[in-house]
Amino acid sequence: MATKKFFLPESEIPTHWYNVAADLRTPPPPPLHPATHEPIGPEALAPLFPMELIKQEVSGERYIEIPDEVREIYRIWRPSPLIRATALEKALDTPAKIYYKYEGGSPAGSHKPNTAVAQAYYNRQEGVKRIATETGAGQWGSSLAFACNQFGIECKVYMVRVSYGQKPYRRSMMQVWGASVVASPSADTNAGRAIREADPDSQGSLGIAISEAVEDAAMREDTKYSLGSVLNHVLLHQTVIGQEAIKQMEMAGDYPDVVIGCAGGGSNAAGLMFPFMKERLEGKRNTRFLAVEPASCPSLTKGEYRYDFGDVAGLTPLMKMRTLGHTFMPPGIHAGGLRYHAMAPLLCHLFESGDIEAVAYRQNACFEAATLFARTEGIVPAPESSHAIRGAIDEAVTAKEEGKSRVILFNLSGHGLLDLAAYDDYLAGKLVDDEYPAEKVREAMRSLPEIP
Ligand SMILES: *Cc1c(COP(=O)(O)O)cnc(C)c1O
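Residues numbered from 1 in each chain as written. Predicted model: local features only at pLDDT ≥ 70, side-chain atom pairs only at ≥ 80, totals over all residues. Heavy atoms only, no water.

Digging into the site of the ligand
Item 1. Surveying the vicinity of the ligand reveals 18 residues, the closest of which are Lys-112, Ser-229, Gly-264, Ser-267 and Asn-268.
Item 2. Take Gly-265: an N or O atom from its main chain is 3.0 Å from an oxygen atom of the ligand.
Item 3. The backbone of Gly-266 places a nitrogen or oxygen atom 2.8 Å from an oxygen atom of the ligand.
Item 4. Isolated, the ligand exposes 380 Å² of accessible area, and the fraction of that covered by the protein chains is 98%.
Item 5. Its residues assigned to classes, the shell around the ligand shows four nonpolar, 12 polar and two charged. (Near = heavy atom within 4 Å. Polar contact = N/O pair within 3.5 Å; in protein donor to acceptor, adjacent residues only side chain to side chain. Areas by Shrake-Rupley, 256 points an atom, 1.4 Å probe, with all protein chains shown as cover. Nonpolar A, V, L, I, M, F, W, Y, C, P; charged D, E, K, R; others polar.)

Section: the pattern of salt bridges
Item 1. Within the structure shown, the criterion is met by 33 salt bridges.
Item 2. One salt bridge in this structure joins Asp-93 and Lys-400, with 3.4 Å as the shortest N-O distance. With Asp-93 in the loop between helix H3 (86–92) and strand E5 (97–102) and Lys-400 in helix H16 (residues 385–402), this pair connects stretches of sequence that are 307 residues apart.
Item 3. Accessibility expressed as a relative area gives 53% for Asp-93, which makes it exposed.
Item 4. Residue class for Lys-400 comes out partly exposed when judged on its relative accessible area of 40%.
Item 5. A salt bridge links Asp-394 to Arg-390, with the shortest nitrogen-to-oxygen separation between them at 2.9 Å. Taken together, the positions of Asp-394 and Arg-390, both in helix H16 and four residues apart, correspond to about one turn of that helix. (Salt bridge = Lys/Arg side-chain N within 4 Å of Asp/Glu carboxyl O. Helix = DSSP H or I, 4+ residues; strand = E, 2+ residues; numbered from the N terminus. Buried < 20%, exposed > 50% of the residue type's maximum accessible area, 1.4 Å probe, protein only.)

See the structure below:
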């Protein structure tokens, strides 16, 4: 019987994060000041982030040591298992071998604690007493709440009002870990109060919640801000996933022909891909990398590679990314974690150089893949992760059509046990496949700054 699960001992939790910036063919374009459009220095980020994270953000070092205290907390769920999807392969009757790295075993049920723990640690090291952040459906908020709790830091989460009402259980998780959670727009910030005055029924948006969290952090000496994706240091922390996977693929006696991840801001995909990418950039391998995004928010496949803001309010530095426009409001698909208007600059840089491919799928096709996965491999995937599964299944079907073997590795970024309402809708045939909102994107693209 072929081995199904590949476990590493705790001593194999990576000792360093891998920084792909050290191996890029060309340096990525620098972030620019939102007003002057000049490249920004680290000091511009100092009011929001602890210095050590800012250093990582701009670092060219290939390996950055993981502090012992962070590795100690990683031990709760790391190393995460690599599993061969033998039952799925059988159902697809494919000659392909499908492997997945499972990140759903973390306390919050996704890959996000890999960076939340690191971020909370560096904040604590620099004497920060309190962290403010935003959350949509609650995946990032719950990960940061867990991490702050581990380090005795207060955590304030601005949760988009519509989710606060509709998705109460992630809010409960945050409160169990001691975070204070308010519906955004809230009465706690100037930004929130202004929006409530203009529109007392505002359901909120991620953009509004970011504005509130950033204002909170900027106004208080004891508080910093924290982001769960997109930024270089977040992608860096996620590389524990790919480093473990390299060793586990060795145990399996295989090397992936294609590495797949779902992509919202790009952090879980990058976390699995970048350690394998290193071998491609060194010319040792010809591995393919495939980012899978939702058809209703397709920043890689339909966006433009331009300087844009990271947030709706236009408060962040300008970053060169594939973007649909920072004011673009994607349709309310169930994969809430993939509803981001742009994509991590590092991932976009590798997309531009042809080292990463991308594909977009609609949500019914993804839930169909997720349901097949649940009925074969057993795990109910997060709606976000279902995009990676769709990508992996299509690769396996192509292999079958070509009558060739193919080794496929994808990231199962989280479980879907708090997303069962989405599965209810899918099973009842109530999921809408939104058309790509071309007109709304055209409009949003008009609000981009002109950078020569
Ligand atoms: C947040 C989230 C994502 C999307 O974020 P990335 O930064 O693109 O990884 C994907 N899967 C799960 C389970 C998430 O919680």
